[in-house]
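# Architecture at a glance
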Amino acid sequence: MENLSSVEWPPEPIVTERLVLRVSETRDRAAFVELLASPEVHTYLGGPRPRDEVERELPGVPERWPGSFVVELDGAMIGQVLLRRATGHRRPAAAGKADLGYLFQPRAWGFGYAFEACSAALGWLDGELPGEPVVLATQSANVASMRLAAKLGFTEVERFEAWGAEQWLGMRSPATPGGVLPQ
């Protein structure tokens, strides 16, 4: 995966009804350690990384590259939304397209924050790269992620086996206005 180097970065913070999407800052490091070392967060992502490894390898200002947004609620980081170029993707249908990923703290699950943050990030991408198709891959066993993908307007392209589990690959058509289905 490569970052979206062709976009102007960093953007102004994106403010939604409840959240702020912004670039990473030094104060986010502890939250990134929690996120990357969480067994719950990584249930469908091959398992967590050991906390001491994350603490040792994570830079002082983590994940500060084009397409990486910290998701903030009431001044605290609750997650991350990632938009990257899927240059080395295993699936030909995804190669070279923008790829959406997200990680949220378990305490933030079930409140619609992922939908709100991903919708805002996709809206930003639509403004920066109009007509850009976006892919999303998740384990088909991850029911919550599958629901979020559908709500964001992603439709199934294919299912495939990888990392010992069935994976789902969806695509958001650039023809979908704003990339989000009406509620």
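Report on the accompanying structure. (Residues numbered from 1 in each chain as written. Predicted model: local features only at pLDDT ≥ 70, side-chain atom pairs only at ≥ 80, totals over all residues. Heavy atoms only, no water.)

## Some details on the overall build of the chain
What the chain contains, in helices and strands, is 4 helices and 8 strands. Starting at the N terminus and walking to the C terminus, you meet the elements of the chain as β-β-α-α-β-β-β-α-β-α-β-β. Since a compact globule built from 183 residues should have a radius of gyration of about 16 Å, the 16 Å found for the chain is in line with a globular shape. Taking the principal axes of its C-alpha atoms as reference, the chain extends roughly 40 × 40 × 30 Å. (Helix = DSSP H or I, 4+ residues; strand = E, 2+ residues; numbered from the N terminus. Rg over C-alpha atoms; globule rule 2.2 N^0.38 Å.)

## Quick word on the pairing of strand β8 (residues 165-172)
Burial analysis of β8 places 6 of its 8 residues in the buried class, the great majority of the element. Of the pairings in the sheet, the one linking strand β6 (residues 134-139) to β8 comprises 6 bridges and is antiparallel in character. Bridging from a neighbouring strand, Thr138 pairs with Trp168 of β8. Of the strand pairs in this sheet, strand β7 (residues 154-162) and β8 are connected by 8 bridges, and their pairing is antiparallel. Bridge assignment links Phe154 to a residue of β8, and that residue is Arg172. Between β7 and the antiparallel strand that follows it, β8, lie 2 residues; Trp163 among them carries a positive phi value of about 55 degrees. (Buried < 20%, exposed > 50% of the residue type's maximum accessible area, 1.4 Å probe, protein only. Pairing = 2+ DSSP bridges.)

## What to know about the pattern of salt bridges
Evaluated as defined, the whole model comprises 13 salt bridges. Here Arg18 ties to Glu116 by a salt bridge, and the two come within 2.7 Å at their closest N and O atoms. One end of the pair, Arg18, is in the loop between β1 (14-15) and β2 (20-22); the other, Glu116, is in helix α3 (residues 113-128), with 98 residues separating them in the sequence. Residue classification places Arg18 among the partly exposed residues on the basis of a relative accessible area of 34%. (Salt bridge = Lys/Arg side-chain N within 4 Å of Asp/Glu carboxyl O.)

## What about the nonpolar core?
Counting 36 residues, the largest nonpolar core has Leu21, Phe69, Val81, Leu83, Leu100, Trp124 and Phe154 as its most contacted members. Elements supplying a minimum of two residues to this core: β3 (68-73), β4 (76-85), β5 (98-104), α3, β6 and α4 (143-151). Top contributing element to this core by residue count: α3, with 9 residues. Each residue touching Val81, except ones within four places of it in the same chain, is listed here: Gly67, Ser68, Phe69, Val71, Leu100, Gly101, Tyr102, Phe104, Ala117, Cys118 and Ala121. Leu36, Val41, Val54 and Leu58 belong to the second-largest nonpolar core, a separate cluster that totals 11 residues. (Core = buried A, V, L, I, M, F, W, Y, C linked by side-chain atoms within 4.5 Å. Contact = heavy atoms within 4.5 Å.)

## Structural notes on the layout of surface pockets
Space inside the largest pocket adds up to approximately 1400 Å³. Looking at the lining of the largest pocket, the elements with two or more residues in it are β4, β5, α3, β6 and α4. When residues in the lining of the largest pocket are grouped by element, the largest group, 6 residues, is from β5. (1 Å grid on protein atoms, 1.4 Å probe; cavity = no way out; pocket = protein on both sides within 12 Å on 5 of 7 lines; lining within 4 Å. Points joined across faces, edges and corners; volume = space filled by probe spheres on them.)

## A short note on the packing of aromatic side chains
A ring pair, where both rings are aromatic, is described by two values, the distance of the centres and the angle of the planes. Per the counting criterion, the structure on display carries 4 aromatic pairs. Note on Trp9 and Trp124: the rings are 5.5 Å apart at their centroids and 75 degrees apart in plane angle, and the pair reads as edge-to-face. Of this pair, Trp9 sits in the segment before β1 while Trp124 sits in helix α3, and the two are 115 residues apart along the sequence. According to the relative accessible area criterion, Trp124 is buried, its value standing at 10%. Taking the centre distance of 5.1 Å and the plane angle of 80 degrees together, the rings of Phe69 and Trp124 count as edge-to-face. A residue pair is termed long-range when its members are at least 10 positions apart, and Phe69 in strand β3 and Trp124 in helix α3 qualify at 55 residues. The class for Phe69 is buried, based on a relative accessible area of 0%. An aromatic cluster is defined as three or more aromatic residues linked by ring pairs; in this entry it consists of Trp9, Phe69 and Trp124. (Phe/Tyr/Trp six-rings, centres within 6.5 Å; stacked < 30°, edge-to-face > 60°.)

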